[in-house]
Amino acid sequence: MPRDRAMMRQFELVERVKSYDSGADEDALNRAYVYAMKLHGSQKRESGDPYFSHPIEVAGILTDLKLDDKSIITALLHDLVEDTETSLEDIEKLFGKEIARLVDGVTKLTRLELQSEHTQHAENFRKLVLAMSEDIRVLLVKLADRLHNMQTLHYIKSPERRRRIARETMDIYAPLAERIGMHRFKDELQDLAFAELNPDGRASIQARLEFLKGRGDELPPLIIDQLRRGLANDGVDAWVSGRMKSSHSIWNKMQHKNIAFEQLADIMAFRVVVGDIGECYQALGSLHSQYPVVPGRFKDYLSTPKPNGYQSLHTGLIGPERQRIEVQIRTREMHDVAEFGVAAHWKYKHGDMKVDGRQYRWLRELLDILEHASNPEEFLEHTKLEMFQDQVFCFSPKGDLIALPRGATAVDFAYAVHSEVGDTCVGAKVNGRIMPLRGELQNGDQVEILTSKAQTPSPDWEKFVVTGKAKARIRRFVHMKERDQYSELGRNMLQKAFREEGYDLTEKALDGALKKFRADNTSDLCASVGQGIHTAREVLVAVFPGVKDAEKPRRMWPFGRTRPAAGKNKQPGVPIKGLIPGMAVHFAHCCHPLPGERIVGIVTTGKGVTVHTIDCETLATFQDAPERWIDVAWEVGDGTEPHTGRLKIVIANEPGSLGDLSTIIGKNEGNISNLKIANRSIDFFEMLVDVEVQDVKHLTNIIAALRAAPVIISVERARG
Ligand code: MN
């Protein structure tokens, strides 16, 4: 939004407002201009400009959005209460209640800004929300204020202050602008902040764009022209334009999708603007018949608008000049909404200053909550803020605000508070209720972490945490634990090997072998045996050279199995990963786990590992022994050995019904390995049937087929 450098004069501003709102209060506009100029007086900005140039610029930005006279007046007055002797009462006396309320809202946001450091307290956050939701115009004035401050950011001398303002713009104001659909504002705010926060990153994008421009000559104008003519040939009168994406959004795209931009589609968005909705689809049809379509790129935000009100048809084409391009098709009104969001509605619904409940449902919901909540705590408990797209804001019981990436769980929260809290967390109370640790946190949640000294990080957590800090801590711990398991296994193997030759395994004996095996301590040595790097016998021979390093039976393996080939953890028929090589595996008879089901292993001394389904009730027995749980998973594509699933079937007691049962199972390639009638009445049998299947999907298919049979009354997995 390029603006004149020279300060806009009084009559120019009034004329601008009158050009789109003939009913604007000319007198009030004039009075506000003069009043603000007088009170800001000789104040100067860091640029050396008179301070008053700032509120005028902010007002000017808002005239570009064609906002009502009250918003423009608010813009002129917005810094008076904070920066001059003027009080809110003065403003109310001179300009009325409504203007005073709007100015108050903007002032509150400004104060919040001054206080905001890394953590904001709940009360402040609430003020922000309250202030902006009272009247969306407060937020619009604040965004224009921030935009102008960002446009003049380079005048600020202190690098720390520049960074803080840029950071805040990136984290708070750009997302807010996006949330209310003001994409132009969002892009400009982000780009200006990006330039401050990452000048090198921005420079590299700019250089790349310049290079492509130089190489591609006049490619975009050529493409625009061809698109327009092609559409005209099909009778669609369209305005076609191409806009460079912002350097920050290109940067983001390159970071997240790991692409190097060479394609026009990655840097340009082509817009086709037509008269009405019918023509949108007509234009789409025309383009799709002229150019090859890039699959997977079509999106219809016309019939399903985005929550912020955005509407468009998106498609990807191999367009003119054989370039892969992205095209957005919409009407003029939709185009304005796409660029200016909520502000665009003023243009189309003059005088209607109420928030449109249908399109800004989130704001409506917020207002409802505020109206019905009696105190801040209750407010927080019920708030479902959806303002920030990629972050959630949660509160500690003391009211500290903790920002986390979207999708964060209670475990992420715990690690964000302190590593120790993370390591020992056993549960979480969210808004006063106990919640599972893996539960996704929502904006406004108050989170209390419950800890226990006995707790240690669980490998399972790694699957659902989203913050790097949590991931790193958990992974470190899991590695340590794995090593401990290897070490213990190795010790068992050594003990057995020593005993077979009539020796006791002592620390002293092992100490003597450390050097030979280049181990730092006995625990490491045991781990290397557990991992299969050295055999127990090698260690035995090293300690007692008298023992013949020969054909002793390979019965040193603790679980009575022969040792599998080194480095492989596959045993025939046991396609499980996550196990220590060679560990014996049993499938629990309580739950009959099948490939494809989520499983967990329980270490049983002398027996190896028993695999249960994750929801098996037997697991409750091991709750107090977390050290016995190990994380296991099915090895993909190795399900050649059949597994047994147990079904509880109720079947009609009539001739041929058992025959039907076995036919259905056979047809579905299952094999009945065992069958037991549990109950028998005049009308039905109740029986337990063991079926050999490949995996859980296979069993599910069989269950479905059985359920479809008329003689079968019910079928379910038998548990316990
Ligand atoms: Mn200001």
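Below: a short report on this structure. What you see is a predicted model, and the numbers here were worked out from it, not measured in a lab.

Helical geometry note: an α-helix holds 3.6 residues per turn, so side chains three or four residues apart project in the same direction. Within helix α17 (residues 332–340), 7 of the 9 residues are buried, leaving the element largely enclosed by the surrounding structure. All of the buried residues along α17 are Met334, His335, Asp336, Val337, Ala338, Glu339 and Phe340.

With that settled, the discussion passes to the pairing of strand β13 (residues 599–604). Sheet analysis places β13 next to strand β14 (residues 608–613), joined by 6 bridges and oriented antiparallel. Note that in β14 the partner of Ile602 across the bridge is Thr610. Alignment of β13 against strand β15 (residues 629–630), held across 2 bridges, turns out to be antiparallel. Considered in β15, the bridge of Gly601 is made with Ile630.

As a further point, take the sheet that holds strand β8 (residues 425–430). In space, the 3 strands of this open sheet follow the order β9-β8-β10, with antiparallel pairing throughout. Bordering the open sheet on either side are β9 (433–435) and β10 (447–451), each of which pairs with just one other strand. For this sheet the average axis-to-axis angle between neighbouring strands, irrespective of direction, equals 35 degrees. On top of the sheet, helix α21 (residues 410–417) reaches β8 and β10; it is set at about 80 degrees to β10, its chief contact.

This part is about unusual backbone geometry. Leave glycine aside and you will find that most residues have negative phi; peptide bonds, for their part, are mostly trans. One non-glycine residue with positive phi stands out, namely Lys66, at about 60 degrees. With respect to the helices and strands, Lys66 occurs in the loop between α3 (53–64) and α4 (69–77). In the Ramachandran plot, Glu669 falls in the positive-phi region, its phi being about 60 degrees despite a non-glycine side chain. As for its placement among the helices and strands, Glu669 is situated in the loop between α27 (657–667) and β18 (671–680).

Next up on the list: the packing of α3 against helix α9 (residues 136–151). Two measures define how a pair of helices packs: the angle their axes make with one another and the distance between the axes. At a closest axis distance of 9 Å, the pairing of α3 and α9 adopts a crossing angle of 120 degrees. Here α3 lies oblique to α9, going by the angle between them. Here α3 runs over α9; the crossing is right-handed. Of α9, the residues touching α3 (which contributes His54, Glu57, Val58, Ile61 and Leu62) are Leu140, Val141, Ala144, Asp145, Leu147, His148, Asn149 and Gln151. Here the residues of the contact of α3 with α9 are counted per class, giving 7 nonpolar, 4 polar and 2 charged.

Turning next to the sheet that holds strand β5 (residues 324–331). Read across the sheet, 5 strands follow the order β1-β2-β5-β4-β3 without closing on themselves; strand pairing throughout is mixed. Strand pairing shows two members of the sheet lacking a second neighbour, β1 (239–244) and β3 (299–300), which therefore form its edges. Across 6 bridges, the pairing between strand β4 (residues 313–318) and β5 is antiparallel. Opposite Gly316, over in β5, you have Glu326 as the bridge partner. Running over the sheet, helix α16 (residues 277–290) touches β2 (268–274), β3, β4 and β5 and is turned about 160 degrees from β5. Sheet strands in contact with α17 are β1, β2 and β5, and its direction is about 110 degrees off that of β5.

A few words now on the packing of aromatic side chains. With the rule as written, the count across this model stands at 5 aromatic pairs. The interplanar angle of 5 degrees and the centroid separation of 3.8 Å between the aromatic rings of Tyr503 and Phe544 together place this pair among those described as stacked. Of the two residues, Tyr503 sits in the loop between α23 (468–500) and α24 (507–511) while Phe544 sits in the loop between α26 (536–543) and β11 (576–577), which places them 41 residues apart along the sequence. We classify Tyr503 as partly exposed; its relative accessible area is 29%.

Quick notes on the rules
- Residues numbered from 1 in each chain as written.
- Predicted model: local features only at pLDDT ≥ 70, side-chain atom pairs only at ≥ 80, totals over all residues.
- Heavy atoms only, no water.
- Buried < 20%, exposed > 50% of the residue type's maximum accessible area, 1.4 Å probe, protein only.
- Helix = DSSP H or I, 4+ residues; strand = E, 2+ residues; numbered from the N terminus.
- Pairing = 2+ DSSP bridges.
- Axes fitted to C-alpha atoms, helices over the stretch in contact; angles between N-to-C directions.
- Contact = heavy atoms within 4.5 Å.
- Parallel < 35°, antiparallel > 145°, perpendicular 65-115°, else oblique.
- Left-handed = near helix turned anticlockwise from the far one by under 90°.
- Nonpolar A, V, L, I, M, F, W, Y, C, P; charged D, E, K, R; others polar.
- Phe/Tyr/Trp six-rings, centres within 6.5 Å; stacked < 30°, edge-to-face > 60°.

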